[in-house]
Amino acid sequence: MTPKEVLDFAKANAAEQVDLRFTDLPGLSQHVSYPIGQLSESSFEEGFGIDGSSIRGWAAINESDMLLIPDPKTAYMDPFFKTPTLCMVCTVIDPITRQSYDRDPRYIAQKAELYLKNSGIADTAYFGAEAEFFIFDNIRFDQNYNSGFYFIDAEEGRWNSGRETNNLGYRPRYKEGYFPLPPTDHYQDLRAEMVSVMLSVGLEIECHHHEVATAGQCEIDQRFDTLVKSADNMMLYKYCIRNVANRHGKTVTFMPKPLFGDNGSGMHCHQSLWKDRQPLFAGDGYAGLSQMALWYIGGLLKHARALSAIIAPTTNSYKRLVPGYEAPVNLAYSRRNRSAAVRIPMYSASPKSKRIEFRPPDPSSNPYLCFSAMLMAGLDGVLNRIDPGEPLDKDIYDLSPEEAKGIPSMPASLEEALTCLEEDHAFLLKGDVFTDELLETFISYKRKSEADAVRLRPHPYEFALYYDI
């Protein structure tokens, strides 16, 4: 929509409020609301002022004023607010220079798309991300000087089989939650409602199902779209899922590994390059790929350890990225083989469906940064003709120790991932997509506020291991 069409849309839907949304550096949605009378056509150029110093990873207190510029193409009516509310996603600019703000994740994604077009390699990058999540009934957690705990209560949880009430026995066994019919799948109706809400706000949904883990692990698949639009869609996807669950007395988490001993939640990212509306990843090479697609894979695999700090950006991410739970720890590529970091889906022979799937990312990542960083790694592979090596069509977990030794692997911790990003980030700086200052801020925030914060605290299991030592 144009700004004028947005105003007409708001009037037609009797909107009383306008809600402006943006994303902080770690990837959490933020918002501010105004009476609808505050919105005019000039608002799409003049913007709305906010205090950027109160946003994680953003401006210092002495340069805190920022402007939110609504994007009229993102307008929709909020499906949850009691008061009729028009919502739009915003880009952030500096009120003095009128330049886009370098720490705005959406601006980084916009720069990545511009860099792609200017490279001459392609004009469009499509991303289709599959974000998994858990549905719980109750969650309790705390950490202070003399105690620390978490407690999960889930209707489907196997550990709750001793409940005196609400126990009818149909619960998925560990690692056996994939595609069961109700009543074992407790959340068919809840997911269907989530899909209905997402369709109502303009998301295109392809399917939904129970996932492998017990305790309500689910997946709802969106249709692919361009980079910025896919990132916008992922933020809206999370918002809809959380709020539908909330109004049914449930809670949703996109933590990669909330449960010990069962599968974690990934965000497998399908991606392809196009030019003049023609697919560039289809060819007569391995698995029907073009040489460009193989070079793109080479870039992803070469930079995967550095990418990990952005695509798997939490300490909890590395509880998922361990062998044995379908997590792609080893950096290899293969058709069909889901134990490889890069998989080439073989569902269709159509050139338009030819794509690669990068499996290490998880849904705790900031989608704007995640998609942009993967694109930059892939383009580096194309520009430098990086050979991905030979494909690995065996089950990686069944390889002999000698065979496995030659396969590089993902970092084992967030701290290691941040070090890898420090050592290998030149590919992200091309076209000024990412900046040194932005990456330094990101690494510093992650190291101090997350990696060190977890490292310095006693773990509950350490008491079981060491109390009587």
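Residues numbered from 1 in each chain as written. Predicted model: local features only at pLDDT ≥ 70, side-chain atom pairs only at ≥ 80, totals over all residues. Heavy atoms only, no water.

Chemist: Explain the overall build of the protein to me, please; I cannot follow it from the model alone.
Modeler: In terms of helices and strands, the protein carries 14 helices and 18 strands. Taking 23 Å as the expected radius of gyration for a compact globule of 469 residues, we find that the protein reaches 23 Å, a close match to that expectation. Principal-axis analysis of the C-alpha atoms places the extent of the protein at approximately 65 × 60 × 45 Å. Sequence-distant contacts, at least 24 apart, represent 69% of the contacts inside the protein between residues at least 6 apart. Surface exposure of the protein reaches about 21700 Å², of which carbon and sulfur atoms provide 51%. Side-chain charges of the protein comprise 48 positive and 64 negative groups, with the mean position of each set lying 3 Å from the other. (Helix = DSSP H or I, 4+ residues; strand = E, 2+ residues; numbered from the N terminus. Rg over C-alpha atoms; globule rule 2.2 N^0.38 Å. Contact = heavy atoms within 4.5 Å. Areas by Shrake-Rupley, 256 points an atom, 1.4 Å probe, with all protein chains shown as cover. Lys, Arg positive; Asp, Glu negative; His and termini not counted. Charge placed at Lys NZ, Arg CZ, Asp CG, Glu CD.)

Chemist: Help me understand the side chain of K250 in this model?
Modeler: Residue placement: K250 occurs in the loop between α5 (227–247) and β13 (251–253). Every residue in contact with K250, bar those within four places of it in the chain, is listed here: I135, F136, D137, E155, Y187, L190 and A245.

Chemist: Explanation requested: the packing of aromatic side chains in the structure shown.
Modeler: What describes a pair of aromatic rings is the distance from one ring centre to the other and the angle between the planes of the rings. Applying the stated criterion across every chain, the model contains eleven aromatic pairs. Residues F80 and Y239 carry aromatic rings whose centres are separated by 5.4 Å and whose planes lie at 80° to one another, so their mutual orientation is edge-to-face. Residue F80 is located in the loop between β5 (76–77) and β6 (85–93), and its partner Y239 is located in helix α5; the two are separated by 159 residues in the primary sequence. Across the pair, exposure class does not vary: F80 and Y239 are buried alike. Between the aromatic rings of Y126 and W274, the centroid separation amounts to 5.6 Å while the plane-to-plane angle is 90°, which identifies the pairing as edge-to-face. In this pair, Y126 sits in strand β7 (residues 124–136) while W274 sits in strand β14 (residues 267–275), placing the two residues 148 residues apart along the sequence. (Phe/Tyr/Trp six-rings, centres within 6.5 Å; stacked < 30°, edge-to-face > 60°. Buried < 20%, exposed > 50% of the residue type's maximum accessible area, 1.4 Å probe, protein only.)

Chemist: Even after reading the chapter, I still don't get the nonpolar core, so can you show me in this structure?
Modeler: Across soluble globular proteins, nonpolar side chains have a tendency to be buried as a group. Residues F133, M194, Y237, L273, F371, L375 and F434 are the most contacted members of the largest nonpolar core, which totals 100 residues. Of all the elements, α5 adds the most residues to this core, at twelve residues. Counting residues in each nonpolar core, the second largest holds 22 residues, with L20, Y34, F44 and M77 among its members. (Core = buried A, V, L, I, M, F, W, Y, C linked by side-chain atoms within 4.5 Å.)

Chemist: Where do I start with the state of the cysteines in this structure?
Modeler: Disulfides are covalent bonds that connect the sulfur atoms of two cysteines. Under the counting rule described, the total for this entry stands at zero disulfides. The thiol sulfur of C207 is not disulfide-bonded, and the nearest other cysteine sulfur, from C218, lies at 12 Å. The thiol sulfur of C370 is not disulfide-bonded, and the nearest other cysteine sulfur, from C269, lies at 4.6 Å. According to the relative accessible area criterion, C370 is buried, its value standing at 0%. (Disulfide = S-S within 2.5 Å.)

Chemist: Teacher, can you tell me more about the pairing of β6 here?
Modeler: Every other side chain in a regular strand lies on the same face of the sheet, so the side chains alternate between the two faces. Across the nine residues of β6, nine count as buried, placing the element largely inside the fold. With burial as the criterion, each face of β6 is covered, one bearing T85, C87, V89, T91 and I93 and the other bearing L86, M88, C90 and V92. By the bridge criterion, five bridges tie strand β1 (residues 17–23) to β6 in an arrangement that is parallel. When the sheet's bridge partners are listed, D19 is paired in β6 with C87. Alignment of strand β4 (residues 65–70) against β6, held across four bridges, turns out to be antiparallel. Opposite L68, over in β6, you have V92 as the bridge partner. Pairing of β5 with β6 involves two bridges; the strand directions are antiparallel. The residue of β6 that forms the bridge with Y76 is C87. (Pairing = 2+ DSSP bridges.)

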